[in-house]
Protein chains: 4
Amino acid sequence: MHHSKSASSRLPVTIYYEDTDAGGVVYHSNYLKFFERARTEMLREQGICQRDLLEQSIGFVVRSMEIDFLKGARLDEHLEVLTRLIEKKKASLVFCQELVNPDHEVLCRAIVKVACIDTQKMKPQGIPDAVFSEK
Amino acid sequence: MHHSKSASSRLPVTIYYEDTDAGGVVYHSNYLKFFERARTEMLREQGICQRDLLEQSIGFVVRSMEIDFLKGARLDEHLEVLTRLIEKKKASLVFCQELVNPDHEVLCRAIVKVACIDTQKMKPQGIPDAVFSEK
Amino acid sequence: MHHSKSASSRLPVTIYYEDTDAGGVVYHSNYLKFFERARTEMLREQGICQRDLLEQSIGFVVRSMEIDFLKGARLDEHLEVLTRLIEKKKASLVFCQELVNPDHEVLCRAIVKVACIDTQKMKPQGIPDAVFSEK
Amino acid sequence: MHHSKSASSRLPVTIYYEDTDAGGVVYHSNYLKFFERARTEMLREQGICQRDLLEQSIGFVVRSMEIDFLKGARLDEHLEVLTRLIEKKKASLVFCQELVNPDHEVLCRAIVKVACIDTQKMKPQGIPDAVFSEK
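Residues numbered from 1 in each chain as written. Chains lettered and ligands numbered in written order. Predicted model: local features only at pLDDT ≥ 70, side-chain atom pairs only at ≥ 80, totals over all residues. Heavy atoms only, no water.

As annotated in an unreviewed UniProt entry, chain A carries the name Acyl-CoA thioester hydrolase YbgC and comes from Vibrio mangrovi. Under the UniProt heading Sequence similarities (unreviewed entry), the note attached to chain A is "Belongs to the 4-hydroxybenzoyl-CoA thioesterase family." (UniProt positions renumbered as here; feature names shortened; annotations may be inferred.)

Peer 1: Explanation requested: the overall build of chain A in the structure shown.
Peer 2: When helices and strands are counted, chain A shows 2 helices and 6 strands. Scaling as 2.2 N^0.38, a compact globule of 135 residues should have a C-alpha radius of gyration of about 14 Å, and chain A matches this with 16 Å. Each of the three principal axes of chain A carries a C-alpha extent, and together these read 40 × 35 × 25 Å. Considering only residue pairs separated by 6 or more positions, chain A has 66% of its internal contacts joining residues 24 or more positions apart. Approximately 6100 Å² of chain A is accessible, and the part contributed by carbon and sulfur atoms is 48%. Computing the positive centroid from 19 side-chain charges and the negative centroid from 20, chain A places the two 7 Å apart. (Helix = DSSP H or I, 4+ residues; strand = E, 2+ residues; numbered from the N terminus. Rg over C-alpha atoms; globule rule 2.2 N^0.38 Å. Contact = heavy atoms within 4.5 Å. Areas by Shrake-Rupley, 256 points an atom, 1.4 Å probe, with all protein chains shown as cover. Lys, Arg positive; Asp, Glu negative; His and termini not counted. Charge placed at Lys NZ, Arg CZ, Asp CG, Glu CD.)

Peer 1: Looking at this structure, how should I read helix α1 (residues 30-45) of chain B?
Peer 2: Each α-helix turn comprises 3.6 residues. Residues three or four places apart therefore point the same way. All names here are of chain B. Helix length check: α1 (16 residues) gives 23 Å between terminal C-alpha atoms against 22 Å at 1.5 Å per residue, within 8%. α1 sits mainly inside the fold: 14 of its 16 residues count as buried. Count one or two residues on from α1 and you reach G47, which has phi positive near 85 degrees. (Expected span 1.5 Å × (residues − 1). Buried < 20%, exposed > 50% of the residue type's maximum accessible area, 1.4 Å probe, protein only.)

Peer 1: Quick question: what am I supposed to make of the packing of aromatic side chains here?
Peer 2: Geometrically, a pair of aromatic rings is defined through the distance of the ring centres and the angle of the planes. All names here are of chain A. Under the counting rule described, the total for this entry stands at 12 aromatic pairs over all chains. Centroid distance Y31 to F34: 6.2 Å. Interplanar angle 85 degrees. Geometry classified as edge-to-face. Taken together, the positions of Y31 and F34, both in helix α1 (residues 30-45) and 3 residues apart, correspond to about one turn of that helix. Comparing Y31 with F34 shows no difference in burial state: the two are buried. Here Y31 and F69 contribute two aromatic rings whose centre-to-centre distance is 5.9 Å and whose plane-to-plane angle is 55 degrees, an arrangement assigned as tilted. Of this pair, Y31 sits in helix α1 while F69 sits in strand β2 (residues 58-69), and the two are 38 residues apart along the sequence. Looking at F69, the relative accessible area reads 5%, which means it is buried. Through a chain of ring-to-ring contacts, the aromatic side chains of Y31, F34 and F69 assemble into a single cluster. (Phe/Tyr/Trp six-rings, centres within 6.5 Å; stacked < 30°, edge-to-face > 60°.)

Peer 1: It is not clear to me how the environment of Y27 of chain B should be interpreted in this structure. Could you clarify?
Peer 2: In this fold, Y27 of chain B is placed in the loop between β1 (8-14) and α1. Residue class for Y27 of chain B comes out buried when judged on its relative accessible area of 3%. Here Y27 of chain B is in contact with Y17 and E18 of chain A, D19, T20 and D21 of chain B together with L32, K33 and E36 of chain D, once residues within four sequence places are set aside.

Peer 1: Where do I start with the pattern of salt bridges in this structure?
Peer 2: Opposite charge on two side chains permits them to pair, given that their charged atoms come into close proximity. In this structure the tally under the stated criterion is 36 salt bridges over all chains. Between R109 of chain A and E98 of chain A there is a salt bridge, with its nearest N and O atoms 2.7 Å apart. Remark: E98 of chain A occurs in strand β4 (residues 92-100) and R109 of chain A occurs in strand β5 (residues 106-118); sequence separation between them is 11 residues. Taking relative accessible area as the criterion, E98 of chain A reaches 18% and is therefore assigned buried. For R51 of chain C, the salt bridge is made with E55 of chain C, and the minimal N-O distance between the two is 3.9 Å. Of this pair, R51 of chain C and E55 of chain C both sit in helix α2 (residues 50-55), 4 residues apart, roughly one helical turn. On the basis of relative accessible area, E55 of chain C is assigned to the exposed category, the value being 60%. Salt bridges here are not isolated pairs; linked through shared partners, they connect E41 and R44 of chain A together with D76 of chain D. (Salt bridge = Lys/Arg side-chain N within 4 Å of Asp/Glu carboxyl O.)

Peer 1: Help me out: how do you make sense of the interface of chain A and chain C in this one?
Peer 2: A common way to state how big an interface is: give the accessible area lost once the parts meet. Listed per partner, the contact involves 21 residues of chain A and 21 residues of chain C. On the surface where chain A and chain C come into contact, there are 6 residue pairs in polar contact (both at pLDDT 80 or more). By residue number, the principal contributor to the side of chain A that touches chain C is β2 of chain A, which donates 8 residues. Among the residues forming the side of chain A that touches chain C, the class breakdown is 11 nonpolar, 3 polar and 7 charged. Examined bridge by bridge, β2 of chain A and strand β2 (residues 58-69) of chain C share 5 bridges and lie antiparallel to one another. In the strand pairing of β2 of chain C, D68 of chain A is matched with S64 of chain C. (Polar contact = N/O pair within 3.5 Å; in protein donor to acceptor, adjacent residues only side chain to side chain. Nonpolar A, V, L, I, M, F, W, Y, C, P; charged D, E, K, R; others polar. Pairing = 2+ DSSP bridges.)

Peer 1: Sorry if this is basic, but what is going on with the relation of the copies chain A and chain C here?
Peer 2: The relation between the two copies of this chain is a rotation about an axis and a shift parallel to it. Rotating chain A by 180 degrees and moving it 0.0 Å along the rotation axis overlays it on chain C with an RMSD of 0.0 Å. The transformation relating the two chain copies, once decomposed into turn and shift, fits a two-fold axis. Closest approach to the rotation axis among the C-alpha atoms of chain A is made by E66 of chain A, whose C-alpha sits 2.2 Å away. Take the interface residues of chain A: 100% of them recur as interface residues in chain C, which is what a same-surface contact looks like. (Least-squares fit on C-alpha atoms with pLDDT ≥ 70 in both.)

Peer 1: Would you take a moment to explain the relation of the copies chain A and chain B for this structure?
Peer 2: For the match of chain A to chain B, the screw axis carries a shift of 0.0 Å, the RMSD comes to 0.0 Å, and the turn is 180 degrees. Interface overlap between copies: 100% of the residues of chain A at the interface are likewise at the interface in chain B, consistent with a symmetric, same-surface contact.

Peer 1: Would you mind going over the confidence of the model for chain A with me for this structure?
Peer 2: Low-pLDDT stretches of the model should not have their predicted coordinates read in fine detail. Residue and element names in this part refer to chain A. Scored by pLDDT, chain A has a mean of 92; 94% of the residues are at 70 or more. In this model residues 1-5 is a low-confidence stretch, pLDDT under 50, and it forms 9 contacts with partners more than four residues away in sequence or in other chains. Listed scores for the predicted complex are pTM 0.95 and ipTM 0.92. (pLDDT = per-residue confidence, 0-100.)

Peer 1: For this particular structure, what's the right way to read the environment of Q50 of chain D?
Peer 2: Its location among the elements puts Q50 of chain D in helix α2 (residues 50-55). Given a relative accessible area of 7%, Q50 of chain D falls into the buried group. Each residue touching Q50 of chain D, except ones within four places of it in the same chain, is listed here: Y17, L75 and D76 of chain A together with E36, T40, L43 and F60 of chain D.

Peer 1: Any chance you could explain the interface of chain A and chain B here in plain terms?
Peer 2: Between chain A and chain B, the residue contacts involve 8 residues of the former and 8 residues of the latter. Of the roughly 690 Å² buried between chain A and chain B, counting both surfaces, carbon and sulfur atoms make up 71%. Three residues stand out in chain A for area buried against chain B, namely Y17, A22 and Y27 of chain A, and they jointly supply 56% of the buried area on that side. At the junction of chain A and chain B, the tally comes to 0 salt bridges. If you look at where chain A meets chain B, you find 4 residue pairs in polar contact (both at pLDDT 80 or more). When grouped by side-chain class, the residues that make up the side of chain A that touches chain B number 3 nonpolar, 3 polar and 2 charged. (Buried area = accessible area lost by both parts, 1.4 Å probe.)

Peer 1: What's the story with a negative patch on the surface in this structure? I'm lost.
Peer 2: Judged by side-chain charge, E66 and D68 of chain A together with E66 and D68 of chain C come together as a negatively charged surface patch. Taken together, the elements giving at least two residues each to the negative patch come down to β2 of chain A together with β2 of chain C. Structurally, the position occupied by D68 of chain A is in strand β2. (Patch = residues over 30% accessible without salt bridge, like charges linked within 9 Å, V, L, I, M, F, W, Y side chains within 5 Å.)

Shown next, in the form of C-alpha cells:
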C-alpha cells in the first residue's frame, strides 16, 4: 500500500530573459510557472494529458500555496524542479516542490494544494483513477 | 462617410517589474500585451465585450504584425498607447499602434492585422456590425 | 503612534487575454502580478519610486507568500486589489492583499512578506525612512 | 567562405497552461518567447553565455520583427522552433524562425532583426567575434 515511484519527479529548467526582471533575477511569480510545468510533466509521465481532461471538463486548479523565495535565480542558470506528492485525497492533491541549483541549494520552495474540479460547474470532483494511483 | 472618432484611442500604461527583464528595460514580447490591452479598450469604448463575443464563438486573433522596437521602456515609466484603425475589411482590421512617452518619443510601433474568426471552427467570419461601424 | 492612512490602498485591475489561460480564468501566477502592482502603487503614493531605489541598490523582494485562490477571475472583469500593511519591521514588511470583485467577493487573498535588500550584495538592509513612516 | 553549421538550430518547445489564453490557444506574444529561447540556445551552442556578455555591458536586443501567426498552438503540444541566421552585419543579425508541429505545419513564422548594443550607453556596438563566426 504505497505510492508508485511516479510520486516524485525532476524537471530541468533553464532561466531565460523572459523569466527575469529589472532586479536581475527571476520575477517572483515566474517560479510558479516552473512548478506548474513540473506538475504537468509528472501527470504526463502517468499517461495523463491535461488537454484531454479539459475536453471532459476535468481540470486541476491550484487552491493554495505557501511559498518561500530563498535565493534569486539568474539568467542562464540550469536548475531543476523536484516535486513530491505528499498527500492525496478524493478531490485534492498536495505537492512539495523545490527549485534547486547544481550545488543543491534550494532557491524556492512551495507547498501546493491542487483541487480537481468540473470546469463547467466550477465545482470539486473526484480525481480520475489513473492519477497517482497506488500499485 | 467617415469612421467615427472611436477609430483612434489612447490608453495609459505604467511599467511594472513584471514587464521588465534583466537587461533593465521592458522584455520585447510584453509590448504586444500593451497593444492588445489598447485594442481591447478600444472595442470596449464601442460597447463590445470580448468575453460576450467569445461566448458566441466570435474571437479576434492577431494574424500578423510588423513591429519596431525603437527605445526600451523602463521601470516606473508612465506611457501611452496610441491606436488608430487604418483599414477595415469584411473579416479583418488593421491597426497602427505606438507606445509613446511624455516627451512624445515613440518607443515601439506596430502595424497589427487582426482577423475575426469563428473560434469553434477556427475559420474567418465577418466582423460583427457593431465593431467600428461608420456613422 | 499609528500608521498613516497610506497603510491601506485600492488599485483597480482589468482582466485581459494576457492574464487568462486555456481553463478560461486567470492563470494562477498572474494574481501575484496584480498584487505586486498594488504594492508598487502604494509605495508611489508615498513618493517612493522603485527605479530610484534600484539605482541606489535598494530593492524590495518578496520573501514568502501564503496565497489562497478562491474563485477564478474572468476575461473583462473589473476588479480591485485591496492592500493593507499589517507589520513593519526594520528590514521587512508584511502585507495582506485581496483581489475583490464588485460584489465584494474575494477571488484571491495573500499574506506577503517583503524584505528590503541591498541589490548588489543581495543582503538585507534597513527600509528607507520615507517608506510607511508613522506620523 | 560559408557560415558554420551552427547557423541553423532546432529547439523543442512544449505548450503549458502558462502559454495559453482563454481563447484556448497560445497567447500571441508568447510565440516571441519561444523564438527568443531558441536564439539564446543557438548562441549557447557557440559557447556564448548572455549573462557573461551582460556583465561586459554587451546585449542583444530585438530591433524589429515581422511575424505571421498562422495557426494557434494548443495545450500539451510538442513543437519545435527552427532558426536560421539569414544575415550577419557588423552590429546586427537577422534570423528566420518558425514554430512547427510534428506534421511539419508552420504555426508561426518570424523574421527577427537583432542588434548588438552597449547596454550602458544603449548604443550599437560590434558583435563579439565569437558569435556566428565563419570558419
